[in-house]
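# Breakdown of the fold
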Amino acid sequence: MPISTRCTVTLLLFFILPFSTVHAQSTINDNTATATSSERTLTAGAVASPDRYGAEVAAAILQQGGNAVDAAIATAFALAVTYPEAGNIGGGGFMTLWFNGKAYFLDYREMAPAKAHRDMYLNNEGDVIDDLSLIGHLASGVPGTVMGLWQAHQLFATKPWADLIAPAIKLAQEGYMVPEKTYLYDSNVLNRFAGKTNFADYFAAMQPGKIFKQPQLATTLARIAQYGPADFYKGETAKLILAEMARGNGLIDADDLRNYKAVWRNPLIRNWRDMQLITVAPPSSGGIALNQLLALKEFNAEHFTDVSHNSAQYVHLIAEIEKRVFADRADYLGDPDFTDVPQRQLLEPAYLQKRASEINPKAISDTASVKPGLESEQTTHFSVVDKAGNAVSNTYTLNLDYGSGVVVSGAGFLLNNEMDDFSAKAGVPNAFGVVGSDANAIAPGKRMLSSMTPTILLKDEKLELVIGTPGGSTIFTSIFQVINNLYDFKMTPEEAVAAPRFHHQLLPQDQIRTEPYAALAAPVLPQLQQLGYQVHMPDWNLGDIQLIKIEARKPIPAADPRGRGVALVVE
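Summarised in this report is the structure supplied together with it. Remember, it's a predicted structure, so these values are computed and weren't measured experimentally. (Residues numbered from 1 in each chain as written. Predicted model: local features only at pLDDT ≥ 70, side-chain atom pairs only at ≥ 80, totals over all residues. Heavy atoms only, no water.)

### Some remarks on the packing of aromatic side chains
Per the stated rule, a full pass over the model turns up 23 aromatic pairs. Between Tyr 233 and Tyr 260, the ring centres sit 5.8 Å apart and the planes meet at 10°, which makes this aromatic pair stacked. Of the two residues, Tyr 233 sits in helix α9 (residues 229-234) while Tyr 260 sits in the loop between α11 (254-258) and β9 (263-265), which places them 27 residues apart along the sequence. When its relative accessible area of 4% is taken as the criterion, Tyr 233 is described as buried. A relative accessible area of 2% places Tyr 260 in the buried class. Pairing Phe 304 with Tyr 314 gives two aromatic rings, centres 5.9 Å apart and planes at 80°, and the pair type is edge-to-face. With Phe 304 in helix α13 (residues 301-304) and Tyr 314 in helix α14 (residues 312-332), the pair connects residues that are 10 residues apart, well separated along the chain. Members of the aromatic cluster, each reached through a chain of ring pairs, are Tyr 53, Tyr 176, Phe 193, Phe 199, Phe 203, Phe 212 and Tyr 402. Here Arg 52 stacks its cationic end above the ring of Tyr 53, 4.3 Å away from the centre of that ring. When the ring centre of Phe 304 is taken as reference, the NZ or CZ atom of Lys 297 above it lies at 4.7 Å. (Phe/Tyr/Trp six-rings, centres within 6.5 Å; stacked < 30°, edge-to-face > 60°. Helix = DSSP H or I, 4+ residues; strand = E, 2+ residues; numbered from the N terminus. Buried < 20%, exposed > 50% of the residue type's maximum accessible area, 1.4 Å probe, protein only. Lys NZ or Arg CZ within 6 Å of the ring centre and 35° of its normal.)

In structure tokens:
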């Protein structure tokens, strides 16, 4: 089988590229020559997936002549079986595409039910009720994955819908070998849901090294294969979801399911150095945040001169940048259908230069003084490219590990706990420790703010990089660091994803988060503490990057060693 496995400064102004929109597609137009179809062709296809089953399914579809979107759809359904902590049909996500020389962004994020309201997680005293937005039936938004994958299929796929779901049905019927790294972020998940949901009825038997079968899920997938999203949103599966909601006093009703829409939006397209960055727009904060991070670092290039990778000074400078990005995120970003998101202002060069000038290269900026600048954790990601030079960067989620812990009885799939991504109360941190404002308050039919950042880089309108990761609020900071590793420190893709990562997000105050997988060098920690930082290492790692870098038309995929991912090249 012809598949190979990979074990896996100049200061430039940023500016918004002009683009035209036809059916939410965007074309690059920066006065450079347009790449022809033959120039976009690669020597092979490739996939970087969070587990081997997803990678093998994608590789098989590519070998059979399917394109990147065919492979992505098949992978997404396969991961719904073999990656139950995050792969899903009971959640939602974002897909960034580069297809036939055009950029696309598909928003299939979950939506708040019609009966949801801004104070639904508060007690009589106005305080947030612990775990109500995280565990159980009230935690779930209306799922978008099935509709999103269907929309991608209708526009771009070449293979029949049912054929792309067939590998997932087989994995659910015949079972798969449960890996050792089953609980990437929470090894105590059974206890967390005990007595609160029906999680153990379906997943207590999932033991590393043993075959795990999911017959109810196989039946559900077979219905979706036959009837498409009509089954999930109006048919038998919809009835099972509604029955589950009734059992747990959940809010999702028949109208919520029937009215769900996936939305094709304009992708955020900007120049970065001599490349074009294609990424997500609101309701994800990730695209704006990633662009701000990259820009603020460029505007502070003098401070990074001769600063070594992941030294105490490097960590400090990045933290200074990150806290300003998170301050803007908290106040300005939300669902653009409900909130006037000042996207253009947040990305204007003059504004970014002003924000960059606020950074203190020698000491920690006082957290209370870092204000929004304008006047007035489980997800999964996979990246796929085909030989024609098309690419899919897809991030989708249940939110935390195994979502709400609620399994739709009779259907065999988990529901998300994405309602926690709203601001249950302005200024009160969610499960990831980030705060929000009224821009992200709960409202019926509203999409909750996200940090998911599936991203594609082009050079001369040809693929350069396809990248993304899970990790909640650490998503765009992880992608930012890996891009720096690749282009500033000239690391190989494998080195770039394996290097130690860190995170700062304004709050908790002056906290640098590190990870158990790869600690910062021993001398760095006391130096950070001397500066005044609190160094915190939780029991989970920072992201699970899946990327594909293109070099001389050859795809070089890399799967993050923090997880159980597999990267394959399909000749």
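Moving on from the model shown.
### Things to note about the pairing of strand β13 (residues 391-399)
Two faces make up the sheet, and in a regular strand the side chains alternate between them. Across the 9 residues of β13, 9 count as buried, placing the element largely inside the fold. Side chains Ala 391, Ser 393, Thr 395, Thr 397 and Asn 399 of β13 all project onto a buried face; the interleaved residues Val 392, Asn 394, Tyr 396 and Leu 398 project onto the opposite face, where all are buried too. Here strand β5 (residues 92-99) pairs with β13 via 7 bridges, running antiparallel. Its bridge partner lying in β13, Gly 92 is registered against Thr 397. Where strand β12 (residues 378-385) and β13 come together, 8 bridges link them in antiparallel fashion. Its bridge partner lying in β13, Phe 382 is registered against Asn 394. With antiparallel pairing between neighbouring strands as the criterion, β12 and β13 make up a hairpin whose turn holds 5 residues, including Gly 389 at a positive phi of roughly 90°. (Pairing = 2+ DSSP bridges.)

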